[in-house]
Amino acid sequence: MIQSRAGFVELRDLTLGYDRHPAVHHLSGCFEAGSLTAVIGPNGAGKSTLLKAIAGTLKPIGGSLSMGLDPARLAYLPQLAELDRDFPISVEDLIGTGFWREIGPFGQYSRKDRSQITDALAKVGLSGFNKRLLGTLSGGQLQRVMFARLMVQDAEVILIDEPFAAIDTKTVSDLMELVRQWHKEGRTIIAVLHDMGLVAEFFSECLILARECVAWGPTEHVLNSDNLSKARAMIEANDPHADECERAA
């Protein structure tokens, strides 16, 4: 159980981009500690860019981002497409990278660490997969392994980017149960999603992004056809060559 209630993420006039070209404009708001938020929007809306900034892998080009916790207490799961599945690493060693903040990349796992890895694999339905190589896994199995890695990190803030893309329905259901459990434990969860059904059913908060904030608040108020249509129109009208502080039309 997470005891701290300081796991908030606050954005103040945040602008993010690449090579000084903005991907997210002037975004302000707060992911409250213990909240469960879906980030949705059309392709190119800046959703993954926002998660990278919160994770600390992308620096703002304007505004600020602050968190009520040590960055080491944050866990980030990128899209599966960003992982090199040909890299010769075992399932156990991939999950073990979740301990790096404690033991470093060259440290040795303790007996307790290995026990945690085995327990995490059992909880994601992959008992006995410890020595399997990454390249032998299906997409659903790989995502289960990545969720096991999140489990051993025991983070206060969890970022997951399109965790259910191109995986089977049973895996989606099993992994959503883990997300619900993390939420019950008081962790702050921010997930980029495309499945509006999942958003409506499981996520109490929703941010609709189209490079700018279209709407942010309780899902029952934010998730509607008007806001989704507005988001699509904003992306279609966006100028990809705009200056860093120029808003979309």
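In what follows, the structure referred to is the one given above.
Residues numbered from 1 in each chain as written. Predicted model: local features only at pLDDT ≥ 70, side-chain atom pairs only at ≥ 80, totals over all residues. Heavy atoms only, no water.

## Side note on the side chain of Arg187
Which entries qualify depends on this criterion: Secondary structure follows DSSP: runs of H or I at least 4 residues long count as helices, runs of E at least 2 residues long count as strands, and numbering of each begins at the N terminus. Note on exposure labels: buried denotes an accessible area under 20% of the residue type's maximum, exposed denotes more than 50%, and partly exposed covers the range between, all computed with a 1.4 Å probe on protein chains only. The term polar contact refers here to a pair of N or O atoms within 3.5 Å; inside protein, the definition further demands a hydrogen-donor-capable atom paired with an acceptor-capable atom, and it admits residues adjacent in sequence only when both atoms are side-chain atoms.
The topology assignment puts Arg187 in the loop between helix 6 (169-184) and strand 7 (188-192). On the accessibility criterion, Arg187 (7% relative accessible area) is buried. Among the polar contacts listed, one links the side chain of Arg187 to the side chain of Asp154, at a separation of 3.0 Å.

## Quick word on helix 4 (residues 111-123)
Stated formally: Take the residue count of a helix, subtract one, and multiply by 1.5 Å to get its expected span. By arc we mean the arc of the directions from the helix axis to the C-beta atoms, nothing more.
In a regular helix each residue adds 1.5 Å, so 13 residues correspond to 18 Å; helix 4 covers 19 Å between its end C-alpha atoms and thus fits that length. Listed in full, the buried residues belonging to helix 4 are Asp113, Ile117, Ala120 and Leu121. Considered in projection along helix 4, the buried side chains sweep an arc of 100 degrees and stay on one side of the axis. Relative to its buried face, helix 4 has exposed residues pointing more than 90 degrees away, namely Arg111, Lys112 and Lys123. Downstream of helix 4 by a residue or two, Gly125 has a phi angle that is positive, lying close to 80 degrees.

## Some points on the state of the cysteines
To keep things clear, this is the line we draw: Two cysteine sulfur atoms form a disulfide, by the criterion used here, when they sit within 2.5 Å.
If you walk through the whole model with that rule in mind, you get zero disulfides. You can see Cys206 has no disulfide; the closest cysteine sulfur is in Cys213, sitting 9.7 Å from it. Judged by relative accessible area, Cys206 falls into the buried class, the value being 0%. With relative accessibility at 32%, the residue Cys213 sits in the partly exposed group.

## A few points about the pattern of salt bridges
Put simply, the test is: The working definition used for a salt bridge is a side-chain nitrogen of Lys or Arg within 4 Å of a carboxyl oxygen of Asp or Glu.
One pass over the structure, following the stated rule, counts nine salt bridges. Residue Arg144 pairs with Asp174 through a salt bridge whose shortest N-O separation is 2.9 Å. Taken as a pair, Arg144 in helix 5 (residues 139-153) and Asp174 in helix 6 lie far apart in primary sequence, 30 residues in all. Residue classification places Asp174 among the partly exposed positions, given a relative accessible area of 24%. A single salt-bridge network, built from bridges that share partners, covers Glu92, Arg114 and Lys131.

## A word on the sheet that holds strand 7
Here is the rule: Should DSSP find at least two bridges between two strands, the strands are taken to pair. What counts as an axis is a line fitted to C-alpha atoms, over the stretch in contact for a helix, and the angles between N-to-C directions run from 0 to 180 degrees. Any two residues whose heavy atoms approach within 4.5 Å are treated as being in contact.
The strand order 5-6-7-3-8-9 describes an open sheet built from six strands, whose pairing is mixed. Because the sheet does not close on itself, it has two edges, and the strands there are strand 5 (74-77) and strand 9 (212-218). Strand after strand, the sheet turns through a mean of 15 degrees between neighbouring axes, direction not considered. Summarising the sheet, strand 6 (residues 157-161) and strand 7 pair through five bridges and their orientation is parallel. Its bridge partner being in strand 7, Ile160 is matched across the sheet by Ala191. Lying on the sheet, helix 5 is in contact with strand 5 and strand 6; it crosses strand 5 at an angle near 175 degrees.

## Topic: the packing of helix 4 against helix 5
Stated precisely, the cut-off is as follows: Roughly parallel means an angle under 35 degrees; roughly antiparallel means over 145; roughly perpendicular covers 65 to 115; every other angle is labelled oblique. In this scheme the handedness of a crossing depends on how the near helix is turned from the far one: anticlockwise by less than a right angle means left-handed, clockwise means right-handed. Following the grouping adopted for this structure description, the nonpolar residues are Ala, Val, Leu, Ile, Met, Phe, Trp, Tyr, Cys and Pro, the charged ones are Asp, Glu, Lys and Arg, and the polar ones are all others, Gly among them.
Interaxial distance between helix 4 and helix 5 falls to 9 Å at its minimum, and their mutual angle equals 130 degrees. Relative to helix 5, the element helix 4 lies oblique. When you trace helix 4 past helix 5, the crossing you get is right-handed. On helix 5, the residues that touch Gln116, Ile117, Ala120, Leu121 and Lys123 of helix 4 are Ala148, Met151 and Val152. Of the residues belonging to the contact of helix 4 with helix 5, the class tally is six nonpolar, one polar and one charged.

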